[in-house]
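# Chain and residue survey
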Amino acid sequence: MERSSAVQRDGMTGSELLTARAETVALDDRGLADALGGLVDSLGYWGGKGALAAVERTGRCLAGTGEPTGPDEGPGIAGEGSWTRFIGRIGAVALRAAVEPTRDERRRRLLALLEIWADSPFADPRARMRTGLVRVAEGGPVVVRDERGAAVVVGWPTEGLRKFVDLRAGEPDPPGLGVIEEVTDVPHGGWGDAGQVRRLVELVRERGPVPWDLDAVSVLRDGTGMGRAAASFALAGMLGRGYLPYLDDGERRIHRLKVAQIEDGVQEPGRMGSLDRLELLADVLPEDPAELWEPQGMRAVAERIAHAWRERYGRRTVVPERTFDAVIELRPFPLSAGRFCATFTDHASTRGLGSDLGTWLQNSEFGPFLIAEGWDLNDFRDVLRVAVPNLFRVYAELPSGDPVRAGAPGLLRALRERVDHPGLLLDVGILSRTVGHRVADVHGRFGSRPYAGPEPLEVASVDDGLTVVVDGVVDRRGDRSQPRLYFRPAFYGDDERSRTLLAARADFSHTPEIEIVEWLRGPACGRFIERLEGSSPPPGSYETNPAVSAPDVLGQVAGGLGVDEDAAALYLQLLTLYAPSDRNIRTGNDWKAARHQKAAAVLVERGLVVEDKRARAGRQIFLPGEWLHAGKPYQPMEAWKAELLGVERSYNGRLENPLPLPTRTMPELFAHAWELVQGGRGPSA
């Protein structure tokens, strides 16, 4: 292949024709990484100067408007090259640059990038461009150009591969930098030609950023089912985990979000990558950017984002904001509040829940690991470990008729079906060292038949139909890791094989999957389904109010203590509720402050409670006895109540262990607590 003199190496000499405009150089500093957070990959590569200038030089090299003067000159590197995804998708950057919540120091860098973009072939919808990976020889060219077009390296080398972008001048393929391993045509026809980009930049500089519209946020929330925080971030072009934690006070005020809402909203996009975010927002701006400043401008953008979201991810059931806020307080990590709610309201469309899930073991350099199609296993495991332990609080602390609460029976039935699928294999943990250190040590327990999956394992294994044991791998120091245990829930039960499995796991292995499978098949799960479907209180009322859910028990308490029913109800709630804060009590009982205070005064007068101030309690009266502290997201509470609910202390004496699985419905819990008090086993100083 004949190459022009524009064959360059990675270095930069500051050639006059390839030097970026002065205002770009002044802006091109570490702030660019934050400005583009969530839209590019590997932010650590964007920390130094030269990135904006490199984008500009790359465009000039492709267009042939900047000819280097020496063999060691090149456009330079902008990050790790993921910015080339902006080609055909620059609308996502433009949205973020235009809206009010973007702080000015970031907006300046985004506007500078857009100005560069408008002057480059990247903004020409007629340009025939490709991006991909090329294998370049060490010391090979980073730019080639001839009459067929041009190609430029845009990323650092990784195992001999480099990202590139090329521009075709005619029908033949453009010149190559080496052996192309992967190539993709860039999208065409979307928002972002040179005129639109320049127009948007001019309008922002002339009029200031587009004023924020909270009604547009509501439009987006209602159109997708996502939470208010995530909808606000999406409308601002700010979806991205790495970007949001750095919101300043001004941005938070514009979004009108609390810190907890912000932290949750960051998680809601889930496993969306930077390309997913770009494609979601690429074509949501109006053809004439001036429409953004019209009264309905941002609402039209919200509708377009909602449409793009539904096409890609479907529409979740919209839940009341009070429900969303209540779930945020649960901190159901790694699920966001939105994904947590959708698990209950839309479980049939949740990955891993809508149909049987098959999993298998696959080799890796770190040993075999569980895998399934796509992200189904990850989502299914998240639901098991988060939604089920939090089921009790969904049942107890959300009002009857709430869509999340109403979806609980369907979720539980779906989980029962999934764990009955013979093809589901789940992790148990480490083999106990008292049992053995190699698979060969457990043949007497689990037999000698090896695991048979889609591919042969590279380590020894045994499979008795219920339990799979696989050998550990040897690390660089020559140490072998302990074997791992897996089990098929469909074959787990009250039999000898299951008891052998339980006896073989290490004492420190916390195995929530086994406990949850037992719970799903046990009587407690059945009672919760029955209670939720058949005996729930009237719509809008709460199970935590004994006047609604356990009137017989309430009458016994009132008579036994010699107090009115309000004081008796409050006493039962202090005995049993995870978080009987003043706000939760008044919400659940539909009380005003005066009524609540009157009931509390009766309990104080009778010596049934003590008055105090305690961190994160949200109340002033407490059961007598020891108080156990807890850090977020765990709930501090009285030691007596912790024992009643099965909440275990951690090694440091605090309540920082996972939630126990529920064993009693609220009427059963009220009755049991009163039985303990009557039997002289109630709380005491």
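Here's a quick rundown of the structure.

Conventions we followed
- Residues numbered from 1 in each chain as written.
- Predicted model: local features only at pLDDT ≥ 70, side-chain atom pairs only at ≥ 80, totals over all residues.
- Heavy atoms only, no water.
- Phe/Tyr/Trp six-rings, centres within 6.5 Å; stacked < 30°, edge-to-face > 60°.
- Buried < 20%, exposed > 50% of the residue type's maximum accessible area, 1.4 Å probe, protein only.
- Lys NZ or Arg CZ within 6 Å of the ring centre and 35° of its normal.
- Axes fitted to C-alpha atoms, helices over the stretch in contact; angles between N-to-C directions.
- Helix = DSSP H or I, 4+ residues; strand = E, 2+ residues; numbered from the N terminus.
- Parallel < 35°, antiparallel > 145°, perpendicular 65-115°, else oblique.
- Contact = heavy atoms within 4.5 Å.
- Nonpolar A, V, L, I, M, F, W, Y, C, P; charged D, E, K, R; others polar.
- Pairing = 2+ DSSP bridges.
- Salt bridge = Lys/Arg side-chain N within 4 Å of Asp/Glu carboxyl O.
- Disulfide = S-S within 2.5 Å.
- Patch = residues over 30% accessible without salt bridge, like charges linked within 9 Å, V, L, I, M, F, W, Y side chains within 5 Å.
- Areas by Shrake-Rupley, 256 points an atom, 1.4 Å probe, with all protein chains shown as cover.
- Lys, Arg positive; Asp, Glu negative; His and termini not counted.
- Charge placed at Lys NZ, Arg CZ, Asp CG, Glu CD.
- Polar contact = N/O pair within 3.5 Å; in protein donor to acceptor, adjacent residues only side chain to side chain.

Applying the stated criterion across every chain, the model contains 13 aromatic pairs. Residues Trp519 and Phe528 carry aromatic rings whose centres are separated by 6.3 Å and whose planes lie at 45 degrees to one another, so their mutual orientation is tilted. Each of the two residues, Trp519 as well as Phe528, counts as buried. Connected via pairs of aromatic rings, a cluster forms that spans Phe392, Tyr395, Trp519, Phe528 and Tyr578. One residue, Arg614, lies across the ring of Phe622, its end atom 4.2 Å from the ring centre.

Two numbers describe how helix α15 (residues 376–387) lies on helix α21 (residues 512–520): the axes approach to 10 Å, and their chain directions differ by 70 degrees. Compared by their axis directions, α15 and α21 come out roughly perpendicular. Contacts between α15 and α21 involve Arg381, Leu384 and Arg385 from the first element and Pro512, Glu513, Ile516 and Leu520 from the second. The residue makeup of the contact of α15 with α21, split by class, is four nonpolar, no polar and three charged.

Before going further, it helps to spend a moment on the pairing of strand β2 (residues 143–146). Covered by surrounding structure in β2 are Val143 and Arg145 together with Val144 and Asp146, the residues of both alternating faces. The pairing of β2 with strand β3 (residues 149–153) spans four bridges and is antiparallel. Bridging across to β3, Arg145 finds its partner in Ala150. If you look at the hairpin formed by β2 and β3, you'll find two residues sitting between the two strands.

Before going further, it helps to spend a moment on the sheet that holds strand β10 (residues 467–470). Sheet architecture is open: four strands sit in the order β8-β11-β10-β9, paired in antiparallel fashion. Every other strand in the sheet has two partners, leaving β8 (426–430) and β9 (461–463) as the edge strands with one partner each. Here the average twist between neighbouring strands, direction ignored, is 20 degrees.

The alternating pattern of β10 places Thr467 and Val469 and Val468 and Val470 on opposite faces, both of which are buried. Bridging between β9 and β10 involves three bridges; their strand directions are antiparallel. Paired with Asp463 across the strands is Val468, a residue of β10. Taking the residues that link successive antiparallel strands as the turn, the β9-β10 hairpin has three residues, and the phi of Gly465 there is positive, at about 100 degrees. With four bridges joining them, β10 and strand β11 (residues 484–487) adopt antiparallel strand pairing. Considered in β11, the bridge of Val468 is made with Tyr486.

Our next topic: helix α4 (residues 91–98). What sets the pattern is the α-helix's 3.6 residues per turn: residues three or four places apart point alike. Of all eight residues in α4, eight are buried, a share of seventy percent or more. Lining the buried residues of α4 we find α2 (31–35), α5 (104–118), α6 (194–207), α8 (228–235), α11 (274–281) and α12 (297–313).

Moving on: the pattern of salt bridges. Evaluated as defined, the whole model comprises 50 salt bridges. The residue Arg477 makes a salt bridge to Asp479 at a minimum N-O spacing of 3.7 Å. Given a relative accessible area of 70%, Arg477 falls into the exposed group. A relative accessible area of 41% means that Asp479 is categorised as partly exposed.

We now examine the state of the cysteines. Inspection of every chain in the model, using the stated rule, returns zero disulfides. Not part of a disulfide, Cys341 finds its nearest cysteine sulfur in Cys525, a span of 20 Å. For Cys525, a relative accessible area of 0% gives the class buried.

Moving on: a negative patch on the surface. A cluster of like negative charges, contributed by Asp193, Glu287, Glu291 and Glu294, occupies part of the molecular surface. Positionally, Glu291 belongs in the loop between α11 and α12. By relative accessible area, which is 42% here, Glu291 ends up partly exposed.

The subject of this paragraph is the sheet that holds strand β1 (residues 128–135). Taken together, the five strands give an open sheet; going across it, the order is β2-β3-β4-β1-β5, and neighbouring strands pair in antiparallel fashion. Edge positions in the open sheet fall to β2 and β5 (179–185), since each of these has one partner strand only. The mean angle between the axes of side-by-side strands here comes to 20 degrees, regardless of whether they run parallel or antiparallel. Against the sheet, helix α3 (residues 51–63) engages β1, β2, β3 and β4 (161–168), with an angle of about 155 degrees to β3.

Let's shift gears to the environment of Asp379. Relative to the helices and strands, Asp379 is located in helix α15. Between the C-alpha atom of Asp379 and that of Leu335, which follows or precedes it by 44 residues, the distance is 8.8 Å. Beyond its immediate chain neighbours, meaning those up to four positions away, Asp379 contacts Arg271, Arg339 and Arg351. At 2.6 Å, the side chain of Asp379 forms a polar contact with the side chain of Arg351.

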